[in-house]
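# Close look at the chain arrangement
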Amino acid sequence: MPPRFTPRGFLIVSSGLGLYAATVYSTYHLYRVHKLPAPAPSIRDPKHQQPHPGVFDALAPEYNAKIGWDERLMRLGARRRELIAHARGRVLEVSAGTGRNLDYYAENPAVAELTLSDASEPMLLAAYNAFVAMVKAKVPGVPTKTDFKIMDVQHLDSVPAQSYDTVVDTFGLCSCADPLAALKEMARCCAPGGKVLLLEHGTGSYDWLNSILDKTAADHAAKWACWWNRELRGLVEQAGLDVLEMKEYHLGTTLWIVATPRANDAPGAAKEGLLQKGLLQNGS
């Protein structure tokens, strides 16, 4: 009499086949990446990374569907929720895309006013439509004072200095032609004692992993307008931000950061410091 094929046996066999398939798939792609030619030494320098304007305009209608599974697999929703919980008062989100953080703002009663901005009109329109759907569905906690502005984070000229209590950017620095300029603008717009909240991806904690990112960066950027091999830790420091808390995920390639504008980089702080040291006279 042949042995019975139990549900437990089926689960073991199917799990084994799935693991085998995943191993073969991963091994093939790692081998393929290994055989790719070494990239230029400047591959991580934003000055040498070609921007891809228009990619987000084209991706906007299907963007959420295309990245939804990846975000669930990497548990980025939990990271977003944890980050947005630190938002307070008047909040500016730059590079807001399709509004993937809207649900988490609704969960945070400390958000009094919300401005979502993005350089891509189709992406921001998708965010606006998501907001309208939440209002129509009477989702509790949605900030009643919410507006949408087409703005490039690298040039927030219409935003007065120190005018927001919280500035948020999630996965936007990878797409800026000048991420340092973007961070400096975030710091400028943030009030003293306010928070700059960042959830970004870049180089990780291991050389072998960074080598893979470098070799595949150009192709990935052409498809997603995202340079995923930028060295963001140093840029945050250069931008005049003090990191209050930082967490790393996914072998260091995902950075979760709560920062604040450095006091001596605030507008007028340099002059005040000179006055205190007696190196500059009042009225100068």
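Residues numbered from 1 in each chain as written. Predicted model: local features only at pLDDT ≥ 70, side-chain atom pairs only at ≥ 80, totals over all residues. Heavy atoms only, no water.

- Per an unreviewed UniProt entry, the protein carries the name S-adenosyl-L-methionine-dependent methyltransferase and comes from Geranomyces variabilis.

### Side note on the packing of aromatic side chains
- Within the structure shown, the criterion is met by 4 aromatic pairs.
- An aromatic cluster of at least three residues, connected via ring pairs, comprises Tyr 128, Phe 131 and Phe 148.
- Seen from the ring of Tyr 164, Arg 90 lies directly overhead, with NZ or CZ sitting 4.6 Å from the centre.
- One residue, Lys 247, lies across the ring of Trp 256, its end atom 4.6 Å from the ring centre. (Phe/Tyr/Trp six-rings, centres within 6.5 Å; stacked < 30°, edge-to-face > 60°. Lys NZ or Arg CZ within 6 Å of the ring centre and 35° of its normal.)

### Focus on the environment of Arg 79
- Relative to the assigned elements, Arg 79 resides in helix H4 (residues 76–84).
- Separated by 176 residues in the primary sequence, Arg 79 and Leu 255 have C-alpha atoms spaced 9.8 Å apart.
- With near-sequence residues (within four places) excluded, Arg 79 lies in contact with Leu 199, Tyr 249 and Trp 256. (Helix = DSSP H or I, 4+ residues; strand = E, 2+ residues; numbered from the N terminus. Contact = heavy atoms within 4.5 Å.)

### Observations regarding the side chain of Asp 169
- Inspection of the secondary structure puts Asp 169 in strand E4 (residues 164–170).
- For Asp 169, which is buried and forms no salt bridge, the nearest opposite charge comes from Arg 80, at a distance of 8.7 Å.
- Ignoring anything within four residues of it in the chain, the contact list for Asp 169 reads Val 94, Ser 95, Met 186, Leu 197, Leu 198, Leu 199 and Glu 200. (Buried < 20%, exposed > 50% of the residue type's maximum accessible area, 1.4 Å probe, protein only. Lys, Arg positive; Asp, Glu negative; His and termini not counted. Salt bridge = Lys/Arg side-chain N within 4 Å of Asp/Glu carboxyl O.)

### Some details on unusual backbone geometry
- Of note, Phe 171 is a non-glycine position whose phi angle comes to about 55°, a positive value.
- Inspection of the secondary structure puts Phe 171 in the loop between E4 and helix H7 (179–189).
- Unlike most non-glycine residues, Ala 225 shows phi in positive territory, near 55°.
- Looking at the secondary structure, you find Ala 225 in the loop between helix H8 (207–224) and helix H9 (232–238).

### Thoughts on the environment of Gln 50
- Residue position: Gln 50 is located in the loop between helix H1 (7–34) and helix H2 (55–59).
- Between the C-alpha atom of Gln 50 and that of Trp 227, which follows or precedes it by 177 residues, the distance is 9.1 Å.

### Things to note about the pairing of E4
- Burial within E4 is extensive, with 6 of its 7 residues counted as buried.
- Where strand E1 (residues 89–93) and E4 come together, 3 bridges link them in parallel fashion. Considered in E4, the bridge of Val 91 is made with Thr 166.
- Relative to strand E5 (residues 190–201), E4 runs parallel, the two being bridged by 6 bridges. Counterpart to Thr 170 in the pairing with E5 is Leu 199.
- Tracing the backbone out of E4, into H7 and back to the parallel element E5 gives a crossover that is right-handed. (Pairing = 2+ DSSP bridges. Right-handed = clockwise from strand over helix to strand, strands pointing away.)

### Some remarks on a nonpolar patch on the surface
- Together, Trp 69, Leu 73 and Met 74 line one region of the surface with nonpolar side chains, adding up to about 350 Å² of accessible area.
- As for its placement among the helices and strands, Trp 69 is situated in helix H3 (residues 63–73).
- According to the relative accessible area criterion, Trp 69 is exposed, its value standing at 54%. (Patch = residues over 30% accessible without salt bridge, like charges linked within 9 Å, V, L, I, M, F, W, Y side chains within 5 Å. Areas by Shrake-Rupley, 256 points an atom, 1.4 Å probe, with all protein chains shown as cover.)

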